[in-house]
Amino acid sequence: MPHHVIIGGGPVATNALETIRQFDDSPITIVCDEPAHSRMALPYWLAGQVVREHTMTADDAYFKKLDVDARIGSRVTKVDTSANELTLSNGGTVAYDNLLIATGSSPVALPIPGTDLPGVTPLWNLAHTQGVLDAVEGIAKPRVAMIGSGFIGMIMLNAMYKRGWTLTVVEREPQILPRMLNGEAAAIAETWLGKKGVDVHTGTTVTKITDAGGTKKIELASGQSIEADVVVVAVGIAPNVDFLEGSDIEHTAGTGGAVPVNDRMQTNISNVYAGGDIACGPVLFGDDEVHPIQPTAVDHGRIAGANMAGQNVQYPGSLLMNILDVCGLQCASFGQWQSGADTMTMNNPTGNVYRSLVWVGDQLTGATFVGQANDMGMLTDVGMAKGIMQTQTSLGPWKEFLAENPFDIRRPYVAAGVAAKLRNTTLIGKASKMRQYQFGGAKATATPSAEHAVFVADRGVGGS
Ligand SMILES: Cc1cc2nc3c(=O)[nH]c(=O)nc-3n(C[C@H](O)[C@H](O)[C@H](O)COP(=O)(O)OP(=O)(O)OC[C@H]3O[C@@H](n4cnc5c(N)ncnc54)[C@H](O)[C@@H]3O)c2cc1C
């Protein structure tokens, strides 16, 4: 049986190894420099809603149960595809038959003076999160300045808002969330942040950070300055590909260094797979892209795992989705959300409501939603719009219905049979199994009701 080796311990890695185990008992080795955990859970730890251990997604017992040789704390420094061998930072080597590269991405640096000061930090991993919690220890109302207002930065900002900290955001572009919302939608979110006491500076850059007795002074090109106890630098990410230098695994400048993959998650080397933040792969609408989000990482892990285990499954493509709580204002965008030639827009800034639906023919290919967290209708509409896009359903006459009734997505969703399609969709032709890891060995205690069971019980599509 082939020896599968996975580099990484995030959602791509854990989903891949659990998927392989759905098919066979072949040997699996996982190499990761951090404990296996979910970066998506870090905001809950930062907000004080869970403890650090709750961000973990695997432990020794889990790896033992799945018969996985886990090299946690080891870093891969080189891949030799002609010898089918990895080199580790301790000088050791690991041979593979199939390799999955699932090394994710890292924050990029901001090239200005002062970013090396204590208390100036990215906020991306376990160590950064612990560092921020340590830095504000003993400060009654910490002041945090966030440089950059991208999706992940704003997720962490929301966690700090829950803590009641004093927050400032600096964004170089003329609007916040420039890669997630258009100007009209972002204006609603920015006004909302102002009402929540968050100080937002857009259209200006940080030129320098200095420290006087622990207080950081952030100087802006606009001439203003901000004082903070902690400065978070969140100005973008880049895929972790340093260890691929010198290998013949393609990772092109055109995709920001990411690794191109086909619809089986194979790289240009057929026994080397890649997935998640590091991979540039098929998307539902448009050309191949990097989608550095959790749902894409999970899908990539499952597709790669199935194919490594000898199956032949093709990925239809990922749907870009960013769903964000901006201090109580829900913002979401999907697919090709940037307004196109055929876009329906509803903008009500006084009601804090914005929606746009982007079409190609009668197919919904992108959408944006802004609305308050207590607007249940909006929250269910977000899910239904996502389902319509994921199933690539042609809505026919229901498109005109939506033009007249933009707040009634439910009718087209039901009439076009989207729920039924979703229910019968599996990524790998086999229903997924319950995760094998529960924190502290906890068991799920809830029993699904009859209505709920239909969604969570075995769907009978080819096994457990
Ligand atoms: C704070 C935060 C909040 C987020 N929230 C959301 C959210 O709400 N929704 C959403 O969709 N997405 C969210 N994301 C994004 C999501 O977490 C990522 O898209 C996802 O983790 C990518 O999974 P991955 O398996 O590709 O990589 P990662 O989860 O990054 O895992 C890769 C692992 O490989 C390790 N590694 C790297 N290089 C090497 C090497 N050479 N040798 C050994 N190990 C190596 C890394 O240290 C890391 O532990 C969030 C991300 C962050 C940081």
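A short note on the overall build of the chain
If you tally the helices and strands in the chain, you get 12 helices and 25 strands. Taken over C-alpha atoms, the radius of gyration comes to 23 Å for the chain, in line with the 23 Å a tight globule of 464 residues would show. Sequence-distant contacts, at least 24 apart, represent 63% of the contacts inside the chain between residues at least 6 apart.

Remarks on helix α1 (residues 11–23)
A rise of 1.5 Å per residue sets the reference length of α1, with its 13 residues, at 18 Å; its end C-alpha atoms lie 19 Å apart and thus fit the reference within 8%. With 10 of 13 residues buried, α1 lies mostly within the body of the structure. Among the residues of α1, P11, V12, A13, T14, N15, A16, L17, E18, T19 and I20 are the ones counted as buried.

Focus: the site of the ligand
In the region of the ligand, 34 residues are neighbours, and G10, G104, G276, I293 and Q294 sit closest. Those elements giving two or more residues to the shell around the ligand turn out to be α1, β2 (28–32), α2 (42–46), α5 (151–163) and α7 (294–308). A per-class count over the shell around the ligand returns 21 nonpolar, 8 polar and 5 charged. Residues from two domains meet in the shell around the ligand; each of domain 1 (4–107 + 238–308) and domain 2 (120–235) gives at least three.

A look at the environment of L42
As for its placement among the helices and strands, L42 is situated in helix α2. Between the C-alpha atoms of L42 and F439, which are 397 residues apart in sequence, the distance is 15 Å. Those residues in contact with L42 that sit more than four places away from it in its chain are T55 and T129.

Concerning the domain arrangement of the chain
What the domain assignment reports for the chain is domain 1 (4–107 + 238–308), domain 2 (120–235) and domain 3 (328–423). Of note, the centres of domain 1 and domain 3, computed from C-alpha atoms alone, are 33 Å apart.

A look at the pairing of strand β4 (residues 76–80)
In the sheet, β4 pairs with strand β5 (residues 85–88) via 4 bridges, with the strands oriented antiparallel. When the sheet's bridge partners are listed, D80 is paired in β5 with E85. The antiparallel pairing of β4 with β5 creates a hairpin that spans 4 residues between the two strands, and N84 there sits at a positive phi of about 50°.

So, the packing of α1 against α7
Where α1 meets α7, the axes come as close as 7 Å, and the angle between the chain directions of the two elements is 35°. Helix-helix and strand crossings are classified by hand; for α1 and α7 the assignment is right-handed. In contact with P11, V12, A13, T14, N15, A16, L17, T19, I20 and F23 of α1, α7 contributes Q294, A297, V298, H300, G301, R302, A304, G305, A306 and M308. Its residues placed into classes, the contact of α1 with α7 shows 12 nonpolar, 7 polar and 1 charged.

Definitions and limits used
- Residues numbered from 1 in each chain as written.
- Predicted model: local features only at pLDDT ≥ 70, side-chain atom pairs only at ≥ 80, totals over all residues.
- Helix = DSSP H or I, 4+ residues; strand = E, 2+ residues; numbered from the N terminus.
- Rg over C-alpha atoms; globule rule 2.2 N^0.38 Å.
- Contact = placed C-beta atoms within 7 Å.
- Expected span 1.5 Å × (residues − 1).
- Buried ≥ 20, exposed ≤ 12 C-beta atoms within 10 Å, placed from the backbone.
- Near = placed C-beta within 6 Å.
- Nonpolar A, V, L, I, M, F, W, Y, C, P; charged D, E, K, R; others polar.
- Domains from an automatic or database assignment.
- Pairing = 2+ DSSP bridges.
- Axes fitted to C-alpha atoms, helices over the stretch in contact; angles between N-to-C directions.
- Left-handed = near helix turned anticlockwise from the far one by under 90°.

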